[in-house]
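Structural overview
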Amino acid sequence: MSTLSPGPSPSGSKAGQRRLLGRWWRRQSPARQDRFATFGPLAAVLLFLAAIISAFWYLRNEEIERETEAVKRDTEIAQQQIRLRLIENQEQLVRMAREFVTREIDVADFTPQAAAFSNDRPEITRFVWLAVDRRARARYSTQAEREAPRPAGEQNPPPAAGRSETDWAFIAARDLRQPIYSRPFKDEQGAMVFQVHVPMLDRGVFAGALVVDYSIDTLIRHFVPSEVTRRHTVAVIDEQERTIASTVLPMPGGERPKAPILHDVPLAPAANGLVLRGGGYRTSVGLIGNTLFWMVVALSVLTLWMLLGTWRHVRRRTQIQDALVQETNFRRAMENSMLTGMRAMDVEGRVTYVNPAFCAMTGFTEQELIGRLPPYPYWPADRIDENHRLLQQELQGRSPAGGIEVKVMRKNGSLFDARMYVSPLVDSRGHQTGWMTSMTNITEAKRIRDQLSASHERFTTVLEGLEAAVSVQSVQQGELLFANRSYRLWFGADAKGHALLASGAAPSLPVDVSAHDDEDHLSGLPAQALSGLGNNPREVYAAGLDKWFDVRARYLQWTDGRLAQMLIATDVTARRRAEELAEQQAEKAQVSSRLITMGEMASSVAHELNQPLTAITNYCNGMVSRVKADSIDRDALLAALGKTARQAERAGQIIHRIRAFVKKSEPQRQAAQAKAIVNEAVELASIELRRRNVAIHHYVAQRLPDLHCDPILIEQVLLNLLKNAAEAIDSAKLPASRRHIELRVVPRHTPDEGGVIEFSVTDMGPGLPEEVIARLYEAFFSTKPEGMGIGLSLCRSIVESHRGRIKAQNLYNAGFVTGCRFAFTLPVETTARHEETTLVHQAPSQPDVRPDEPVPGAGNSPAVGTTTP
């Protein structure tokens, strides 16, 4: 409650106080005045002495608190550095243990792996790979003398002092299936170490442990920051309060200086009883020792002040008057600088005081307002009755604590919005003498609030008109905070629809919010750091609606500060069904293209099959003739039957390749080798190439990584390109020197695609016109009279479906076209494999039985169905 008293001016009140004080002093007796003059300075000296002592005590405690905080901070910094190092090493060791179990690293590779791991980790002194029975399969020591890997089955003898600790840690790691840190013990060299046992799990079965020794002294020396050790001591203490390692060397007697300020933290994440202790010392020990000197100085100064007490007593009245003047000026300056208007009125509603800010707001002067009764001149004419009602409410003390929003009229007739707060005005005796009102101009704030309200209404209208479902749900309470019209139409006002969409689109949060409902696990989690989570769209199927939704999720901070998740789900059912239909049409087109290709090669296939069948006929006729003439022995008969069987196998292989190529099957992406795909495509293409008397050279680079593709589709692309090249050469009637094709498969690295494998088919044909190259991949565009124009278009679709690219270009020599080159790329798998280099020159082949080869019993008659290169 305010203690201001109503009156015409604050200066009058101060003058009255001065008069009262003077009368009180004159009424006192001279003896009492002398006592006041004598004992007043003495009391001041005693108080000042007490203040000095309190100041020294406070400074001492302040120094101890600062040093304690510094020790605590430095100890926690050292703990954090060691903790991060141990956690990083633990994650690497878990990965190595997984690789050991999956046989990616065997015993022979253990030493190089351990050496590479410990090169930049001086705190690690030894690696041991233990089997289930605690026998060491391999070990590695970082000491000067390296230990060679021991044969499997040899017992790993731990140091005698630490055998119980290592046994306990091994059993705990085996039972708990997680890394366990042992208690400290001395190793063979006498150094204090502790071990971490990382279990090796093979499909959930304990298969051994990876044991690593940590040197405690090395951890302290390397991972406690140097700026920390320069300021404070850091030591590692065991459960018996023994110092295991410290940044301070011991005294000649073996004792280390004890610090008066200590702070202990556990050596996380080891949890093995070790404590990291930081120590500090007070730097101003001599300050308290010099307290007597300072007290003497203070008493001397106070004695001088006591001598001046009488002179100060004479000037006291002048000082009091100056203080009152200064206070009056201060109050006047404060009133003039306030931006909030202040108005005081008595219990009858008469205005008794207004400050300059109130006058500036209304445009009326102080003389025009002081002493006025309602209606006041700043009341709007059309709101006088309403303002009378509000004034009566103020005078009765029923004004709301949040203030009253009113319209105020300036002297020039303009209006502005204001908010008034009313409080009782109480004098120095505790009696209420009126009311004090503070007024604030809220015109701009109200305008901004109205604009925000209109903006919110427009934003809500836009969200309600969206065809996509928009919902916001509290992460912790699971409460649906907002849902637009589309969401309510599909899922109603229930949060289950949000959970259905979020199950396939939202990422997991870094904390568990389902443990206890009464705990706010997300109170310290910044929403800004989570705003980037879940931006990747995902498609979710709602079985109840038989719809597919493209769902985008992100986390945001709701208006009340809670962490919330927003989902935007767009109905993509029509697009999904169109894509499925397009995929079915593409599969049919691929099968049709392969059938068309085989149809175009039918004469070549028949010619290729005719050769082994003719050979079989010749062999059979020869054997029949010789059997009838009884001129064939058993060995000759077996040899002829073997040749007949080989020709039959050859015919069967041709039919098997053609059947596998044209067989209708679902597209299946799998790991495939480029060499196998090329071999199959070349075998099929050779049938057509031999008929057209075209040779083929193919080269497959070695050590190519595997491809993740459909081998049949890639084989179809290669076969189409090889067949087109052969047709171009044959149609141009080129000489034998230019009747060959080169197929190359090599690795490439491009800035756009990264690591790829490039397949290129190069011929020595007449090339392609530029206008044809521009339209080469258009559907139903062909340069062949009988062509359908779907071959290269389908090839491009197949390559791009594998995230590859295809291109064609002419080859020039001195400005003349000397051939054409088609090339396409496919992305590679990350795991490389070793593949032999294949460089084969394949000319038009001959059958196993030449036309002029004699067949037993058949004379030298030529065979039918021969092929001429």
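Coordinates for the structure precede this section.
Small disclaimer: the values here were computed from a predicted structure and weren't measured.

Considerations on the environment of Gln92
- As for its position among the elements, Gln92 is in helix H2 (residues 30-101).
- Relative accessible area serves as the criterion here: at 26%, Gln92 is assigned to the partly exposed category.
- Between the C-alpha atom of Gln92 and that of Phe117, which follows or precedes it by 25 residues, the distance is 8.6 Å.
- Beyond its immediate sequence surroundings of up to four residues, Gln92 is in contact with Phe117 and Arg121.
- At a separation of 3.2 Å, a polar atom in the side chain of Gln92 contacts the side chain of Arg95.

Topic: empty space enclosed by the protein
- Considering all chains together, one arrives at 5 cavities of 30 Å³ or more under this definition.
- In this structure, the largest cavity encloses a volume near 140 Å³.
- Forming the boundary of the largest cavity are 13 residues, of which Trp379, Asn387, Glu394, Val406 and Met420 lie nearest the centre.
- Only helix H13 (384-395) and strand S14 (404-409) provide two or more residues apiece to the lining of the largest cavity.
- Classifying every residue of the lining of the largest cavity by side-chain character gives 9 nonpolar, 1 polar and 3 charged.

Digging into the sheet that holds strand S10 (residues 261-266)
- Taken in spatial order, the 4 strands make up an open sheet running S9-S8-S11-S10, and their pairing is antiparallel. This sheet does not close on itself; its edge strands, each paired only once, are strand S9 (243-246) and S10. Averaged over neighbouring strand pairs, the angle between their axes works out to 25 degrees when direction is ignored.
- Of the strand pairs in this sheet, strand S8 (residues 233-237) and strand S11 (residues 275-280) are connected by 5 bridges, and their pairing is antiparallel. Bridging from a neighbouring strand, Thr233 pairs with Gly279 of S11.
- Together, S8, S9 and S11 form the strand contacts of helix H5 (residues 216-223), whose direction differs from that of S9 by roughly 30 degrees.

Observations regarding a nonpolar patch on the surface
- There is a patch of nonpolar side chains on the surface, built from Trp57, Tyr58 and Leu59 and spanning about 370 Å² of accessible area.
- Residue class for Tyr58 comes out partly exposed when judged on its relative accessible area of 49%.

Some thoughts on the sheet that holds strand S19 (residues 538-542)
- On the basis of which strands lie adjacent, the open sheet formed by 5 strands has the order S18-S17-S21-S20-S19 and antiparallel pairing. Strand pairing shows two members of the sheet lacking a second neighbour, strand S18 (480-483) and S19, which therefore form its edges. Pairwise comparison of adjacent strand axes, ignoring direction, gives a mean angle of 30 degrees for this sheet.
- Pairing geometry for strand S20 (residues 547-557) and strand S21 (residues 563-571), over 9 bridges, is antiparallel. For Leu556, the partnering residue across the bridge sits in S21 and is Ala564.

Comments concerning the pairing of S18
- One ladder, built from 3 bridges, connects strand S17 (residues 469-474) with S18; its direction is antiparallel. Bridged to Gln473 within S18 is Leu480.
- Where S17 folds back onto S18 in an antiparallel hairpin, the turn is made up of 5 residues, including Gly478, whose phi is positive at roughly 70 degrees.

Some words on helix H21 (residues 674-691)
- Across its 18 residues, H21 extends 26 Å between first and last C-alpha, which sits within 8% of the 26 Å expected from 1.5 Å per residue.
- When we look at burial in H21, the residues that qualify are Ala674, Ile677, Val678, Ala681, Val682, Leu684, Ala685, Ser686, Ile687, Glu688, Leu689 and Arg690.
- Directly after H21, the chain includes Asn693, whose backbone phi takes a positive value near 60 degrees.

What to know about the pattern of salt bridges
- For the coordinates displayed, the defined rule picks out 43 salt bridges.
- Ionic pairing is found between Asp417 and Lys407, a salt bridge with its closest N-O pair at 2.9 Å. Placement of the pair is Asp417 in strand S15 (residues 415-426) and Lys407 in strand S14, with a sequence separation of 10 residues.

As for the nonpolar core
- Ranked by internal contacts, the top residues of the largest apolar core, which has 48 residues, are Val678, Leu718, Ile741, Val745, Phe759, Phe822 and Phe824.
- By residue number, the principal contributor to this core is helix H22 (residues 711-731), which donates 10 residues.
- Beyond its immediate sequence surroundings of up to four residues, Val745 is in contact with Ala674, Val678, Tyr699, Val700, Ala701, Leu704, Ile757, Glu758 and Phe759.
- Judged by nonpolar contacts, the second largest core, of 40 residues, contains Tyr140, Leu210, Leu219 and Val234.

What counts, and at which threshold
- Residues numbered from 1 in each chain as written.
- Predicted model: local features only at pLDDT ≥ 70, side-chain atom pairs only at ≥ 80, totals over all residues.
- Heavy atoms only, no water.
- Helix = DSSP H or I, 4+ residues; strand = E, 2+ residues; numbered from the N terminus.
- Buried < 20%, exposed > 50% of the residue type's maximum accessible area, 1.4 Å probe, protein only.
- Contact = heavy atoms within 4.5 Å.
- Polar contact = N/O pair within 3.5 Å; in protein donor to acceptor, adjacent residues only side chain to side chain.
- 1 Å grid on protein atoms, 1.4 Å probe; cavity = no way out; pocket = protein on both sides within 12 Å on 5 of 7 lines; lining within 4 Å.
- Points joined across faces, edges and corners; volume = space filled by probe spheres on them.
- Nonpolar A, V, L, I, M, F, W, Y, C, P; charged D, E, K, R; others polar.
- Pairing = 2+ DSSP bridges.
- Axes fitted to C-alpha atoms, helices over the stretch in contact; angles between N-to-C directions.
- Patch = residues over 30% accessible without salt bridge, like charges linked within 9 Å, V, L, I, M, F, W, Y side chains within 5 Å.
- Areas by Shrake-Rupley, 256 points an atom, 1.4 Å probe, with all protein chains shown as cover.
- Salt bridge = Lys/Arg side-chain N within 4 Å of Asp/Glu carboxyl O.
- Expected span 1.5 Å × (residues − 1).
- Core = buried A, V, L, I, M, F, W, Y, C linked by side-chain atoms within 4.5 Å.

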